[in-house]
2 protein chains.
Amino acid sequence: MQLRSLLIAISLTLYAGGALAQQKPDDTIKTRQATFNVVAAHVGKIKSNIDGEYRRDQVLKSAAVIQAIANSGIESLFVEGTDKGTGYHESQLKADAFNPDNAKKLRDAFSNFNEQANQLAVIANIGDKAAVQTQFGKLRGTCKSCHDNFRIDSTAK
Amino acid sequence: MQLRSLLIAISLTLYAGGALAQQKPDDTIKTRQATFNVVAAHVGKIKSNIDGEYRRDQVLKSAAVIQAIANSGIESLFVEGTDKGTGYHESQLKADAFNPDNAKKLRDAFSNFNEQANQLAVIANIGDKAAVQTQFGKLRGTCKSCHDNFRIDSTAK
């Protein structure tokens, strides 16, 4: 029984870590911070297109980056233990993210982000500025919800 | 004539900066460093699939991220003046990148990266591990070439 528990623990670690299983926690934190910086940069580009002159081509490109990242398995950047540590700056992830009681909430956060990012890429292709603005609001709602639940507030970006 | 020169200078600045025109240089450096960290992370994932067990699904996802970033207008992250400054760490960009004599070389570096990244995404879809390995080598060649020309060597990643 102890052996079985150990094997399950090893399997879960390998599964959660994926290709990042051999990375040091601080490198995973660094890649997580970089990944969400890139998402934020492209969210900012789309926002500037909604607030100002709408350049469809730019919105398509930025929506494609957010979509590709959202589909790339970002859960592998949330390896247990990476709430503590320093990547580019101190981790802002709440330990709550790894509380088994929150496992479904965390999974839902990933899948909501993924779903709204996919939908934004579709609407950026076929919709006008108003349609993109509506869908963009839904995408940003998934960012805010996940940050409210799992990110420690900080001035660090 | 002075007014004309001023207008041209303003136009060039707006063109080069795009949506990032209003960003502080250090924020542009930070986003550039984050962007290439994300590219490197997905290059690493593809490499681990070539060196070990080949999971096509993972390769497709990582190739899609690299492709979307390569198509997103990364030249807007290379705004004149951003060879000096600190994002997540000190800028590693050589001042050479903004030497007018190197303008074509820099443009070619972006377009080569873009072309090989697009090709990798195609081959990840239709090719086997060996075909992906060959194309992956071509993509990494564009990274190395640009780093050799325009990046200051450093232990910082």
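The rules behind the values
Residues numbered from 1 in each chain as written. Chains lettered and ligands numbered in written order. Predicted model: local features only at pLDDT ≥ 70, side-chain atom pairs only at ≥ 80, totals over all residues. Heavy atoms only, no water. Core = buried A, V, L, I, M, F, W, Y, C linked by side-chain atoms within 4.5 Å. Buried < 20%, exposed > 50% of the residue type's maximum accessible area, 1.4 Å probe, protein only. Helix = DSSP H or I, 4+ residues; strand = E, 2+ residues; numbered from the N terminus. Contact = heavy atoms within 4.5 Å. Salt bridge = Lys/Arg side-chain N within 4 Å of Asp/Glu carboxyl O. Polar contact = N/O pair within 3.5 Å; in protein donor to acceptor, adjacent residues only side chain to side chain. Nonpolar A, V, L, I, M, F, W, Y, C, P; charged D, E, K, R; others polar. Phe/Tyr/Trp six-rings, centres within 6.5 Å; stacked < 30°, edge-to-face > 60°. Lys NZ or Arg CZ within 6 Å of the ring centre and 35° of its normal. Least-squares fit on C-alpha atoms with pLDDT ≥ 70 in both. Expected span 1.5 Å × (residues − 1).

J.: Explain the nonpolar core to me, using residue names and the numbers behind them.
T.: With 66 residues, the main nonpolar core has I46 of chain A together with I46 of chain B as its most contacted residues. At the level of secondary structure, the elements contributing two or more residues to this core comprise α2 (25–51), α3 (56–70), α4 (103–126) and α5 (129–150) of chain A together with α2 (25–51), α3 (56–70), α4 (103–126) and α5 (129–150) of chain B. What I46 of chain B contacts, discounting residues up to four positions off in sequence, is V59, S62, A63, I66, L120 and F136 of chain B.

J.: How would you sum up the interface of chain A and chain B? Please name residues and give values.
T.: Listed per partner, the contact involves 27 residues of chain A and 27 residues of chain B. Linking chain A with chain B are zero salt bridges, by the criterion used here. Inspection of the chain A/chain B interface yields six residue pairs in polar contact (both at pLDDT 80 or more). Elements that contribute at least two residues to the side of chain A that touches chain B include exactly α2 and α3 of chain A. When its residues are assigned to classes, the side of chain A that touches chain B shows 10 nonpolar, 12 polar and five charged.

J.: Which residues make up the packing of aromatic side chains, and what are the values?
T.: This model, assessed by the stated rule, comprises five aromatic pairs over all chains. Taking the centre distance of 6.1 Å and the plane angle of 70° together, the rings of F36 of chain B and F78 of chain B count as edge-to-face. Note that F36 of chain B is positioned in helix α2 and F78 of chain B in the loop between α3 and α4, a separation of 42 residues in sequence. An aromatic cluster of at least three residues, connected via ring pairs, comprises F36, F78 and F110 of chain A. Positioned above the aromatic ring of F78 of chain A is the side chain of R32 of chain A, whose terminal nitrogen or guanidinium carbon lies 5.2 Å from the ring centre.

J.: Report on the relation of the copies chain A and chain B, specifying residues and quantitative values.
T.: Superposing chain A onto chain B takes a rotation of 180° plus a shift of 0.0 Å along the axis, which leaves an RMSD of 0.0 Å. The two molecules are tied by a two-fold rotation axis, judged by turn and shift. It is A34 of chain A whose C-alpha, among those of chain A, lies nearest the rotation axis, at 2.1 Å. The overlap is high: 100% of the interface residues of chain A also sit at the interface in chain B, so the same surface is used on both sides.

J.: Tell me about α3 of chain A, and name the residues and values.
T.: Helix length check: α3 of chain A (15 residues) gives 21 Å between terminal C-alpha atoms against 21 Å at 1.5 Å per residue, within 8%. Those residues of α3 of chain A that sit buried are Q58, V59, S62, A63, V65, I66, A68, I69 and A70 of chain A. In this structure, the buried residues of α3 of chain A make contact with α2, α4 and α5 of chain A together with α3 of chain B.

J.: Tell me what's going on with the pattern of salt bridges, and back it up with residues and numbers.
T.: Residues and elements named next belong to chain B. With the rule as written, the count across this model stands at 10 salt bridges over all chains. The closest approach of N and O atoms between K61 and D57, which form a salt bridge, is 3.4 Å. Linking K61 with D57, this pair stays in helix α3, spanning four residues, or about one helical turn. On the accessibility criterion, K61 (28% relative accessible area) is partly exposed. Residue class for D57 comes out partly exposed when judged on its relative accessible area of 48%. For K104, the salt bridge identified is with D108, shortest N-O distance 2.6 Å. Placement of the pair is K104 and D108 together in helix α4, with a separation of four residues, close to one helical turn.

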